Amino acid sequence: MDVLSDVIAIMRTGRPRSARVQWHAPWGQRFPSALGSAGFQMILQGSCWLTPPDGGVPIALGVGDVVFFPHGHGYGLADSPTTPLAEPDCDPLDDADLHASASIGQPLHGTPTVTLCGGYQLDPTRAHPLLHDLPDMVHMPARLGNRAELRAAVDLLAGELDHPRLGTDTIVPALLDTLVHYILRAWFDEHPKRSIDTGWAAALADSAISAALHAIHRDPAHHWTVATLAAEAGLSRAAFSKRFTTMIGQPPLTYLTWWRMTTAARLLHASDTPLGQVAAQTGYTSEFAFANAFKREYGTAPGRYRRHGQARTRNEEQRPA
């Protein structure tokens, strides 16, 4: 797996929500902060105004515009920059309806604005550090490129929300994964070169550090050392360690341990893989050593972590729609 795919895999452990909403003027909607979430808005028809998370100057949005909020900060959407923002009527993180299509306001006259919103509820303590590197808001105007693949995924998702059929409950989360993947890919492709080459954008653009990261993500169970990772990067041990730490913000083996534990948590949550196999898949030669490492990272034993996660999943599945 590549690093970006792994970010999506972590997001997939949350409960994705989505909604296709038709707005009839006058309208204004406040989307409150939801720490540990990541969400997006896409304009399918018409236009609107976005009040940024920092409360700055409203931004005009048109058809094809995409706005991504990787840190769950609140924002507002309205038909006009002067329209008051109402409290939430449509919240993609609302448990009441995971995937919906709605109409807001009275369709008296004029062309409505149609938006596609979606989001993931994440564990704010476990989000991949790649997301930490993104700004509070990523705005990708339609004019920056056609992004045919992103548009195709949007159209497919909108169609599933408008006309649910057999398989919709499986198709919609997969399309949400795809959309976020395309959004992140587009941002990293279009992100300008920084004056200071630090952070994940710089790391993924650096062939040496990127090679080491892909090696870790491709095979976290491998007995990696600073020397073997430096060989993957094609650098001396000292040069690699310094560059990796500067860009990623932590030493190579610290990041390796973090990723192993993150991978283990995902396996424990999403599968019934025996603890001994989880240990082996994350680079530990004994279940005892793995359990100690996991408890240091999560504050609980892996077996208890799994039982707690399964109980939470059952409760969520039993909630009324």
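Residues numbered from 1 in each chain as written. Predicted model: local features only at pLDDT ≥ 70, side-chain atom pairs only at ≥ 80, totals over all residues. Heavy atoms only, no water.

S.K.: What is the right way to read the overall build of the chain from this model?
M.R.: Along the backbone of the chain there are twelve helices and ten strands. Residue burial in the chain is summarised as follows: out of 321 residues, 46% are buried. Summed over all atoms, the accessible surface of the chain reaches about 15,500 Å², with 54% contributed by carbon and sulfur. (Helix = DSSP H or I, 4+ residues; strand = E, 2+ residues; numbered from the N terminus. Buried < 20%, exposed > 50% of the residue type's maximum accessible area, 1.4 Å probe, protein only. Areas by Shrake-Rupley, 256 points an atom, 1.4 Å probe, with all protein chains shown as cover.)

S.K.: How should I be thinking about the packing of aromatic side chains in this particular structure?
M.R.: The geometry of an aromatic ring pair is captured by the separation of the ring centres together with the interplanar angle, meaning the angle of the planes. Inspection of every chain in the model, using the stated rule, returns 14 aromatic pairs. Look at Phe31 and Tyr75: their rings are 4.8 Å apart centre to centre, the planes differ by 10 degrees, and that puts the pair in the stacked class. Taken together, the positions of Phe31 in strand β2 (residues 28-31) and Tyr75 in strand β7 (residues 75-78) put the pair 44 residues apart, joining distant regions of the chain. Residue classification places Tyr75 among the buried residues on the basis of a relative accessible area of 10%. A centroid spacing of 6.1 Å and a plane angle of 35 degrees characterise the contact between Trp258 and Trp259, whose relative ring orientation is tilted. Here the two residues Trp258 and Trp259 agree in accessibility, since each one is buried. Taken together, the aromatic side chains of Trp200, Phe240, Phe244, Tyr255, Trp258 and Trp259 make up a single cluster linked through ring pairs. (Phe/Tyr/Trp six-rings, centres within 6.5 Å; stacked < 30°, edge-to-face > 60°.)

S.K.: For this particular structure, what's the right way to read the pattern of salt bridges?
M.R.: Where charged atoms from two side chains of opposite charge approach closely, those side chains can pair. Counted under the stated rule, the structure contains five salt bridges. Residues Asp155 and Arg151 are paired through a salt bridge, measuring 3.5 Å at the closest nitrogen-oxygen approach. You can see Asp155 and its partner Arg151 sitting in helix α3 (residues 148-162), four residues apart, about one turn around the helix. The exposure class assigned to Asp155 is partly exposed, which follows from its relative accessible area of 42%. Taking relative accessible area as the criterion, Arg151 reaches 31% and is therefore assigned partly exposed. (Salt bridge = Lys/Arg side-chain N within 4 Å of Asp/Glu carboxyl O.)

S.K.: Quick question: what am I supposed to make of the packing of helix α9 (residues 252-270) against helix α11 (residues 287-298) here?
M.R.: Angle between the axes and distance between the axes: these two values describe a pair of packed helices. The geometry of α9 relative to α11 is characterised by a closest axis approach of 10 Å and an angle of 95 degrees between their N-to-C directions. In terms of axis orientation, α9 runs roughly perpendicular to α11. Here α9 contributes Trp258, Met261, Thr262, Ala264, Ala265 and Leu268 to the contact with α11, which in turn contributes Phe290, Ala293, Phe294, Glu297 and Tyr298. Looking at the contact of α9 with α11 residue by residue, the class counts come to nine nonpolar, one polar and one charged. (Axes fitted to C-alpha atoms, helices over the stretch in contact; angles between N-to-C directions. Parallel < 35°, antiparallel > 145°, perpendicular 65-115°, else oblique. Contact = heavy atoms within 4.5 Å. Nonpolar A, V, L, I, M, F, W, Y, C, P; charged D, E, K, R; others polar.)

S.K.: Is there a simple way to explain the sheet that holds strand β4 (residues 48-51) in this structure?
M.R.: Paired through backbone hydrogen bonds, the strands of a sheet run either parallel or antiparallel to each other. Spatial strand order, β2-β7-β4-β5: four strands in an open sheet with antiparallel pairing. Taken across any chain shown, the strands that pair with only one partner, and hence form the sheet edges, are β2 and β5 (59-61). Mean inter-strand twist for the sheet, computed between neighbouring axes without regard to direction, equals 25 degrees. As paired strands, β4 and β5 are joined by three bridges and run antiparallel to one another. If you follow Trp49 over to β5, its bridge partner there is Ala60. (Pairing = 2+ DSSP bridges.)

S.K.: Just to check I follow, could you spell out the packing of helix α1 (residues 3-11) against α9 for this structure?
M.R.: Where α1 contacts α9, the axes come no closer than 11 Å and their chain directions differ by 45 degrees. The angle between the axes of α1 and α9 places the two elements in the oblique class. Judged by the twist between their axes, the crossing of α1 over α9 is left-handed. Packed against α1, whose contacting residues are Asp6, Ala9 and Ile10, the element α9 presents Trp258, Trp259, Thr262 and Arg266 at the interface. In the contact of α1 with α9, the residues fall into four nonpolar, one polar and two charged. (Left-handed = near helix turned anticlockwise from the far one by under 90°.)

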